[in-house]
Amino acid sequence: MLLLLPVPVGADHRDVEVKMRRTGARRWTATAAATMGLALVLAACSGSGGTTPTTGGTAAGTGSAECADYAKYGDLTGKTITIYAGIVTPEDTPYIESFKPFEKCTGAKVDYQADKQFEQQILVRAQAGNPPDIAIVPQPGLLAQLVATGKVVKAPDAVGANVDKFWGASWKALGTVGGAFYAAPSGASVKSLVWYSPKTFADNGWKVPTTMAELTALTKTIASAGKMKPWCVGIASGEATGWPLTDWVEDFVLRTAGPDVYDQWVSHKIPFNDPKIAKALDAVGAIIKDPANVNGGFGDVSTIATTAFQDAGLPILDGTCAMHRQASFYAANFPSGTQIGPDGAVYAFYLPAESATDKPVLGAGEFVTAFADRPEVQALQEFWSTDTWANLKAKASSSITNGGWITANKGLDPANLVNPIDKLSATILLDPKSEFRFDGSDQMPAAVGSGAFWKGMTDWVLGASTSSTLDKIEAAWPTS
Amino acid sequence: MNVADKFLVMVAALLIFAAIIGLVLFVVALLEKRGARSVGWFFVGPTVLLLVVGLAYPAVRTVVRSLYNAAGSAFIGLSNYTTIFTSGDMLVVLRNTVLWVVITPFVATAVGLLYALVVDGARGEAAAKSLIFLPMAISFVGAGIIWKFVYEYKYFDPTLANNPRQIGLLNQVLVWLGMQPKQFLLNQPWNNLFLIVVMIWIQAGFAMTILSAAIKAIPLETTEAARLDGVNAVQLFRFITVPSIRPTLVVVLTTIAIGCLKVFDIVRTMTGGLYGTSVVANEFYTQSFTAGNQGLGAALAVLLFVLVIPIIVYNIRQLRRAEAR
Amino acid sequence: MTVIGQPLDISGVKPAPGAGGSGGSGGSPRREPVAAAARRRLSRPWATLTAIVLAALWTLPTFGLLVTSFRDSKAINTSGWWTALTGPFTLDNYRQVLDTSNTQSLAPFVVNSLVITVPSVVLPVFLATLAAYAFAWMRFPGRDMLFVAVFALQVVPIQVTLIPLLQLYVQMGVAGTFWAVWLSHTAFGLPLAVFLLHNFMREIPGDIIEAARVDGAGHVTIFFRLMLPMLKPALAAFGIYQFLWVWNDLLVALTFAGSSNSVAPMTVALYNMTGTRGSQWYLLSAGAFVSILVPMVVFLSLQKYFVRGLLAGSVKG
């Protein structure tokens, strides 16, 4: 029976086994050591800087003048507040910086975590009973879903008062679900912008349009000039493909039908396939489904669906496209070193309305949502809703990421903004004549706003008719 | 936690595990000495426990959840299932899923087997195998980008002087051959095949690794005896190699097939499930996590469970056949 | 087409097959008959050609990404990588990925990846081997049905387990720690592990086991002294696969542990690196290669266990 084992004849099987195990073990140890060694070398090489912020747990900075404003939050030494967001590098650093005075003066520690799966993960965490203290929620629709899990706590009264003071009723309504106010606004972005190259316009004698009619005329002019296509559009974004077109439609509903119809549309008081919406969609189609107008730098109309939204505006730099309609945050997609400004390689103008005096503005923003009501969490919420924080954040963004962040907080001092696009956006946003409306798809139920609307737009640009597209989206609106 | 703490926790976990297993096996050895017969349960115990808690219970919960509405508040019976089967899009989704499950295992296994055989015993076998293994190592995120640079489309107008240069390898080849570049991921229904190619590219490494181990387990005497009998390479393959590794082949085919049922990352990152490329797993993810309709998502997951039944039946048959031998 | 490499010499007093190297490329004395050797030499060119063609086809796309990772972002979008084989190259992408002082350096994430992966490989491999042995060679009531149930559980998508398991971990108090990730990975890896290892176990001839039992060896002894040594290629094969799966995992770690740098693995850090709106996606090309190093090392070092002939000579007697 001993011969049954794989042994060299004449050797004892136990010796062999022991040797096998020893060589095996030795080899395994070697492998393990090599792997760990390699990984640790890799880790060591990856930068000596960047230790985790270990501030916090320090005693409150009592008594100093700069901390006088923070005295009302009390002594929060040793307390930690966890924040979870979808805002990752590099925009997360200004957030972390903006909380430092709060941490220093109250002694609390703010633990900021973020990842790009935020929108799915926050729902999972809320439902499973493992939510963060505070989440930065970018859509009112998502806020409603979170409130439905029953884990969100109402905002403290002080926060409500700040929102009344610095934002106004429409923004407060966005953070309200079922009559209760939950989430104060944080940052904002402006979407009614058209990117262009000032130099190209100047060279060709093209003027920035101030009405829709002028925009249509300009489109025709550029198309017939033959040097480049007037518009470049790209909507590919993985599973979110189609979302840029939802912005187009929303902008046009605001302009062709007006803000009141917009509100009815978003809250489903009128059906999705209402003739007014169809008219707006057709107006969009007149621009972007016309092969003469698109797709600058990419090819025919179908490339709209396959071009990544991040790449879509780049042909402006090459001179193969004249205009790209996209939000203020698009600035981050231009190669580093690109001059962005009225005299630079690329800039943006406000997407005009029917008349030069109307100023509907489509935009988006984030909302500070709390899942706990401990004193330190409420203190941070309150701090977050003040103008102090808004200015701290603006300054931090300006110095760390060259701007790229604005807020609709009326206490924001525009002097803290350095980026030309930020200044433009802030001017538009804070203009008392502007009619601000929050992105529609972000407010609609997820089945539509993060599903049927996106898909519908993609099918539409690939050839589906306006009516069948709108009918399909309307059918997807949840009945409950 | 600093580095040292993390490693300490890890070592502690391993030690605790070793202790638990040691205890279990000690009990088994004791029981065997006392003449106990069915100690098998101790061996499978920990596994079964983890599986019941970690997979079986969630699976049962899913089946139950599929009978409720989106928010989980009202019982709606089989309503979600009717929604699935009356949706026009769903037929396309099912067709695609079947394509994935049928094509990928066979092609990937064929490539993996061929390669494993061909490099078996050759000089530099490890390096050669690592080349086929590389796609598995690179993760779906990397794979998505890699194939973006194969399929990417830039327009080509022969009437223009300055066409943009192609950045997708496949389209560049087409242009070199004087043909028009194509939007591979857009044009139905072939776009499905182009996505399936990515999965084959990844899974061949898995097939190769497992089959390589199986080939090396073929007893030398069998092959030597056959060679001495004057068998050529192809006959060796057909009559010795394949029958010997047949159980492993079934295992590999099954595993890849089940993997294809579940995978949606490729579809999601490369086409977002659009242009008629969606598969059941992708729809499941969309409904559960993006559209917030967990009832419908659960129903789609149950559909996956049902689709795996033929594969399971096939495996049971193979197992019975093997046992009877 | 050649199937076997040089046969291992088992007649001399040599150490265990493990030292023979993968595929016997070492210098063991040749003893194969001349005719077989001649036949082998004749068919080898075809084998080599096939191998080269397949390897080239398979590696080409990845090679493209490698070249891309050394190119600057604007160049990537305007010309194909095959036009840039001789440059211009830049190390910027790698610098950004490795030297990131955006928020945190990659170091803690690499450590986390290691700490997550090792137990997540060791535990399922070991538990599955035990279970597979029981399914293959032990008799107990309900064995066959249980086996089918176990491998059928492979089909359960991980996403349906996220909320139930997270709720459980919250109650246990381990949510957000490594323990949650280890337990989850172990549970998720078990069905396939049991399925694969069972298959390899069955290939071991039953006579050996019978003989050992006749000699009075208990199952525990047989398992440790007979099975484990003979299963090295199988353990290596599955170990590689599980290592890879855990190393590249994003979802499980993110859900059960979170994204803070005290627990999140490298995959999270690399994914986040593309920026909030994914505008820096070209960093993924460098990131993919950075994260591939450790799995490749593991793969190459575990190749040593892919030895043949562990059953050589075992069928006699």
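Note that the structure is predicted; figures quoted are calculated from it, not measured.

### Thoughts on the pairing of strand β11 (residues 360-370) of chain A
Residue and element names in this part refer to chain A.
No. 1: The element β11 is extensively covered by neighbouring structure, given that 11 of its 11 residues are classed as buried.
No. 2: Two elements, strand β3 (residues 134-137) and β11, share 4 bridges in a ladder whose sense is antiparallel. What sits directly across from I134, in β11, is A370.
No. 3: Both strand β6 (residues 184-190) and β11 contribute to a ladder of 5 bridges, which runs antiparallel. Looking across to β11, one finds that A184 is bridged to V368.
No. 4: In terms of strand pairing, β11 meets strand β12 (residues 435-438) through 4 bridges, oriented parallel. Bridging across to β12, V361 finds its partner in F436.

### Description of the nonpolar core
No. 1: Within the largest apolar cluster, 216 residues are counted, with the highest numbers of intra-cluster contacts made by F43, W100, Y115 and F133 of chain B together with L106, F135 and F256 of chain C.
No. 2: The element contributing the most residues to this core is helix α4 (residues 107-137) of chain C, with 19 residues.
No. 3: Domain assignment of the residues forming this core places at least three in each of domain 1 (3-65) and domain 2 (86-324) of chain B.
No. 4: Judged by nonpolar contacts, the second largest core, of 142 residues, contains Y70, L123, L146 and C321 of chain A.

### Considerations on the pattern of salt bridges
Residues and elements named next belong to chain A.
No. 1: In this structure the tally under the stated criterion is 21 salt bridges over all chains.
No. 2: The partner of K172 in a salt bridge is D164, and the shortest N-O contact between them spans 3.3 Å.
No. 3: A salt bridge links K191 to D439, with the shortest nitrogen-to-oxygen separation between them at 2.8 Å. Placement of the pair is K191 in the loop between β6 and β7 (193-196) and D439 in the loop between β12 and α18 (440-443), with a sequence separation of 248 residues.

### A short note on the domain arrangement of chain A
Residue and element names in this part refer to chain A.
No. 1: One can read the domain layout of chain A as domain 1 (2-43), domain 2 (62-190 + 364-437) and domain 3 (193-362 + 440-476).
No. 2: The distance between the C-alpha centroids of domain 2 and domain 3 comes to 29 Å.
No. 3: Both faces considered, domain 2 and domain 3 share a buried interface measuring about 1900 Å² in area, 63% of it formed by carbon and sulfur atoms.
No. 4: When residues of domain 2 are sorted by the area they lose upon contact with domain 3, V190, I421 and R437 head the list and together hold 35% of the total.
No. 5: Across the contact surface, domain 2 and domain 3 share 1 salt bridge.
No. 6: For the salt bridge of R437 with D263, the shortest nitrogen-to-oxygen distance reads 2.9 Å.

### Topic: the state of the cysteines
Residue and element names in this part refer to chain A.
No. 1: This model, assessed by the stated rule, comprises 2 disulfides over all chains.
No. 2: Linked covalently through their sulfurs, C67 and C105 form a disulfide whose S-S length is 1.8 Å. Given an S-S torsion of about -75°, the disulfide between C67 and C105 has left-handed geometry. Of the two residues, C67 is situated in the loop between α1 (13-45) and β1 (80-85) and C105 in helix α3 (residues 100-106); the sequence distance between them amounts to 38 residues.
No. 3: Using a relative accessible area of 8% as the deciding quantity, one classes C105 as buried.
No. 4: Between the sulfur atoms of C232 and its disulfide partner C321 the distance amounts to 2.0 Å.

### Overview of the packing of aromatic side chains
No. 1: This model, assessed by the stated rule, comprises 64 aromatic pairs over all chains.
No. 2: Centre to centre, the rings of F201 of chain A and W206 of chain A are 5.7 Å apart; their planes meet at 90°, and the pair counts as edge-to-face.
No. 3: Since its relative accessible area comes to 10%, W206 of chain A is described here as buried.
No. 4: Each ring, one from F43 of chain B and one from Y133 of chain C, has its centre 5.7 Å from the other, and the planes form 45°; the classification is tilted. With F43 of chain B in helix α2 (residues 40-65) and Y133 of chain C in helix α4, this pair bridges two chains.
No. 5: Take F43 of chain B: its relative accessible area is 1%, and that puts it in the buried class.
No. 6: An aromatic cluster of three or more residues is present, and its members are Y95, F99, Y112, W384, W389 and W405 of chain A.
No. 7: Just above the ring of F181 of chain A sits the side chain of K172 of chain A; from NZ or CZ to the centre is 5.2 Å.
No. 8: Between the NZ or CZ atom of K393 of chain A and the centre of the ring of Y95 of chain A, over which it lies, the distance is 4.3 Å.

### Quick notes on helix α9 (residues 220-228) of chain B
Residues and elements named next belong to chain B.
No. 1: Considered for burial, the residues of α9 that qualify are L220, T223, E224, A226 and R227. In a view along the axis of α9, the buried residues occupy a sector of 160°, so they form one face of it.
No. 2: Positive backbone phi, at 90°, marks G230, one or two positions downstream of α9.

### Regarding the interface of chain C and chain B
Interfaces are often described in size by the accessible area the parts lose on coming together.
No. 1: Every contact between the two is made by 125 residues of chain C and, on the other side, 122 residues of chain B.
No. 2: Together, the buried faces of chain C and chain B total about 10900 Å²; carbon and sulfur atoms form 77% of this surface.
No. 3: Here chain C and chain B share 0 salt bridges between them.
No. 4: The interface formed by chain C and chain B includes 14 residue pairs in polar contact (both at pLDDT 80 or more).
No. 5: Classifying every residue of the side of chain C that touches chain B gives 86 nonpolar, 30 polar and 9 charged.

### Topic: the sheet that holds β7 of chain A
Residue and element names in this part refer to chain A.
No. 1: If you trace the 4 strands from one edge of the open sheet to the other, you get β8-β9-β7-β10, paired in mixed fashion. Unpaired on one side and paired on the other, β8 (229-231) and β10 (347-350) mark the two borders of the sheet. For this sheet, the mean inter-axis angle between neighbouring strands, taken without regard to orientation, is 25°.
No. 2: In this structure, β8 lies alongside strand β9 (residues 321-325), joined through 2 bridges in parallel fashion. When the bridges of β9 are listed, K229 appears paired with C321.
No. 3: The sheet contacts of helix α9 (residues 212-225) involve β8, β9 and β10, and relative to β8 the element is tilted by about 155°.

### Some thoughts on the environment of L284 of chain C
No. 1: Within the secondary structure layout, L284 of chain C lies in helix α13 (residues 283-302).
No. 2: Classification of L284 of chain C as buried rests on a relative accessible area of 13%.
No. 3: Separated by 187 residues in sequence, L284 of chain C and V97 of chain C have C-alpha atoms that sit 8.5 Å apart.
No. 4: Not counting residues within four places of it along the chain, the set of residues in contact with L284 of chain C comprises V141 and I145 of chain B together with L270 and T274 of chain C.

### Some remarks on helix α12 (residues 275-288) of chain A
All names here are of chain A.
No. 1: Between its first and last C-alpha, α12 extends 20 Å over 14 residues, near the 20 Å set by a 1.5 Å rise per residue.
No. 2: All of the buried residues in α12 are I277, A278, A280, L281, V284, G285, I287 and I288.
No. 3: Buried positions along α12 lie against β8, α10 (243-256), α11 (259-266), α13 (303-306), α19 (446-461) and α20 (466-476).
No. 4: Structurally, the start of α12 carries an N-cap: the backbone nitrogen of K276 is 2.9 Å from a side-chain oxygen of D274.

Conventions adopted
Residues numbered from 1 in each chain as written. Chains lettered and ligands numbered in written order. Predicted model: local features only at pLDDT ≥ 70, side-chain atom pairs only at ≥ 80, totals over all residues. Heavy atoms only, no water. Buried < 20%, exposed > 50% of the residue type's maximum accessible area, 1.4 Å probe, protein only. Helix = DSSP H or I, 4+ residues; strand = E, 2+ residues; numbered from the N terminus. Pairing = 2+ DSSP bridges. Core = buried A, V, L, I, M, F, W, Y, C linked by side-chain atoms within 4.5 Å. Domains from an automatic or database assignment. Salt bridge = Lys/Arg side-chain N within 4 Å of Asp/Glu carboxyl O. Buried area = accessible area lost by both parts, 1.4 Å probe. Disulfide = S-S within 2.5 Å. Phe/Tyr/Trp six-rings, centres within 6.5 Å; stacked < 30°, edge-to-face > 60°. Lys NZ or Arg CZ within 6 Å of the ring centre and 35° of its normal. Arc of directions from axis to C-beta. Contact = heavy atoms within 4.5 Å. Polar contact = N/O pair within 3.5 Å; in protein donor to acceptor, adjacent residues only side chain to side chain. Nonpolar A, V, L, I, M, F, W, Y, C, P; charged D, E, K, R; others polar. Axes fitted to C-alpha atoms, helices over the stretch in contact; angles between N-to-C directions. Expected span 1.5 Å × (residues − 1).

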